[in-house]
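Topology and contacts: notes
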Amino acid sequence: MRAPAETTIRTPGRATLAARRSALLLLLIVAWWAASLALPPYVLPSPARVAQRLAQLAESGDLFTNLFTTLWRVLAGFAVAVVIGVPGGILLGSNRALGSFFEPVLPVMNTVSSAIWAIFAILWFGLSPLTPIFVVLMTALPLIITNVWQGTQAVNADYVELAHTLRFSRFKTLLKIYVPSILPYFFSGARLAFGFGWRVSLVAETLGASSGVGYRLRQASDLIQTDQVFAWTIAQIAMMVVIEIGLLAPLERHLFRWRRDVRT
Amino acid sequence: MTPPAAHVAHPDQRQALAFRHVSKQFPRGDGGALEVLRDVSFDVPAGSVVSILGPSGSGKSTLLNMAAGLLAPDQGRVLVLGHETTGTVDWSRLGYMFQDDRLLPWRTAIDNVGLALETGSIGRREKRERSQAQLSLVGLGDFASAYPHQLSGGMRSRVALARSLVTEPDILLMDEPFSRLDAQTRTTMHTELLRIHRERGMSIVFVTHDVEEAVILADHIVMFSPRPGRVHTELAVELPHPRLGTPDALSLVAELRAAIAGMSADWVI
Ligand SMILES: Nc1ncnc2c1ncn2[C@@H]1O[C@H](COP(=O)(O)OP(=O)(O)O)[C@@H](O)[C@H]1O
Ligand SMILES: [Mg+2]
């Protein structure tokens, strides 16, 4: 017998895809440049001017300091959400009474605007890094709990029965059956939570912080430095794209390579 | 302190499994009870292939779950290698193969086989070697790193078989393991199973509702009546292998089918 024949479905190759994406980017920049000719720079600065500003910010070290300040806060809030949310989701999923009791809390938490969390955070923590961290936490937590909870519901009882016939301990069953079954749910929740967390951290920083990308955006906008606003916006989008393409997407492909639909 | 000689248990190792007056009921939603097994007694001699043949719902899976110690009988006793299942039994001497292949989709073939070795203190390397050897035994030596979704139904079934064999069990419990395969693949699996049985000499309890499958595989057939499951007929099959399509096997199949027709009209094949 031979190894199974790989059924490869022809999707556009890497090169064509890269070419397409570059063309799109170029098109957007050209459109932006054309529009900037007709508008005053405090409404729409030209791409060249923004690029210049970006270079300046990078050179002074300002750019990376603030990007990493914000990233660090997002990660901190996200980490606390994972530490609380994973056991919380497992607990709610494994105890029916507890689950149905707390069920209404999550959708309610999801409807609370991040601006409201930010205002509470300012009341409680003032202008401090805790403010954006708290807002990220409160946004990420329900997403992670909900997804992990769903994951526990999706654990196949037949696999648990298999673990029983193999005389696995409770811990071993948790480790070898539950964790791998829940992982895809956790991952999609975590990804969502991270994306949301990044966005709301900017809101929180514009309202209640004295550093970070959100703070600098607010500062630039107060001084009507439109080119700076653009520079920060582009920098933060670029950072998210790098994290997504460079880290999350390959990680997901690796973790879930066993799935039929994920091809490496 | 040594117990008095008269109290020393001398487990009867000639019987791999023994069912003694086993009865089982399940509680029903309406407060009543569903009687699934009634006073079932029979033996599985060590090294033999015993097929439990019965219609769907006659308690065959329930009986296997009792043999595997997952369920306790309401009345009666189940003995594994002479030891009562409610006491201490070395469960590693049992292998279990389900109706579905029940492979973990996130594990490769070799890691699915290795799962059965992850209870004890077996090291990584030994686990790999033993799993690989088992895969080769079932003809899948080259597919160690394939994921379940990349394998055909027959191949998945082989991986499941390898997983139940990797602990080198003395008793293999099989619950309609090939019922979802097409006829040709099923026949191949029968041949494989009999070959492995010849090599290893373990006892096999093979549950099926397919008369032909029972006749092809079994040294003994225990035929169950419809629910509540009782032992209807026990017979020894003393035909040489391979049996598929031989006149003797065909006439035995016909004979058993006639007996079933007399027993119940609603035997589900
Ligand atoms: N845990 C259980 N609780 C309640 N009823 C059960 C349970 N397990 C099996 N049954 C019922 O017992 C009957 C026999 O089941 P089973 O042993 O699976 O039969 P078979 O394997 O012969 O088809 C079926 O009607 C089934 O619905
Ligand atoms: Mg069954």
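Residues numbered from 1 in each chain as written. Chains lettered and ligands numbered in written order. Predicted model: local features only at pLDDT ≥ 70, side-chain atom pairs only at ≥ 80, totals over all residues. Heavy atoms only, no water.

A few words on helix α1 (residues 60-67) of chain B. Because each turn of an α-helix spans 3.6 residues, side chains separated by three or four positions end up pointing in the same direction. Residue and element names in this part refer to chain B. Most of α1 sits out of view: seven of its eight residues are buried. Looking only at α1, the buried set comprises K60, T62, L63, L64, N65, M66 and A67. A positive phi of about 75° marks G69, the residue just after α1. (Buried < 20%, exposed > 50% of the residue type's maximum accessible area, 1.4 Å probe, protein only. Helix = DSSP H or I, 4+ residues; strand = E, 2+ residues; numbered from the N terminus.)

Moving on: the nonpolar core. Core analysis: the biggest nonpolar cluster contains 126 residues, and F42(B), L161(B) and L173(B) have the highest contact counts within it. At 12 residues, helix α7 (residues 130-153) of chain A tops the list of elements feeding residues into this core. With sequence-adjacent residues up to four places away left out, F42(B) is seen in contact with L17(B), A18(B), F19(B), R20(B), V50(B), I52(B), L63(B), V222(B), F224(B), V231(B) and E234(B). (Core = buried A, V, L, I, M, F, W, Y, C linked by side-chain atoms within 4.5 Å. Contact = heavy atoms within 4.5 Å.)

Turning next to the sheet that holds strand β4 (residues 75-80) of chain B. Residue and element names in this part refer to chain B. Across the sheet, which stays open at both edges, the four strands sit in the order β2-β1-β4-β5 with antiparallel pairing between neighbours. Because the sheet does not close on itself, it has two edges, and the strands there are β2 (33-45) and β5 (83-84). Across the sheet, α1 is in contact with β1 (15-27), β2 and β4; its angle to β1 comes to roughly 120°. (Pairing = 2+ DSSP bridges. Axes fitted to C-alpha atoms, helices over the stretch in contact; angles between N-to-C directions.)

Here the UniProt feature "transmembrane region" (unreviewed entry) sits at residues 71-93, 105-125, 131-149, 177-198 and 229-251 of chain A. As a span, residues 177-198 of chain A carries 100% helix and 0% strand, and end to end its C-alpha atoms are 32 Å apart. (UniProt positions renumbered as here; feature names shortened; annotations may be inferred.)

So, on to the pattern of salt bridges. Residues and elements named next belong to chain A. Counted under the stated rule, the structure contains 26 salt bridges over all chains. In this structure, the salt-bridge partner of E252 is R191, at a minimum N-O distance of 2.1 Å. Of this pair, E252 sits in helix α11 (residues 226-255) while R191 sits in helix α9 (residues 170-208), and the two are 61 residues apart along the sequence. Looking at E252, the relative accessible area reads 26%, which means it is partly exposed. (Salt bridge = Lys/Arg side-chain N within 4 Å of Asp/Glu carboxyl O.)

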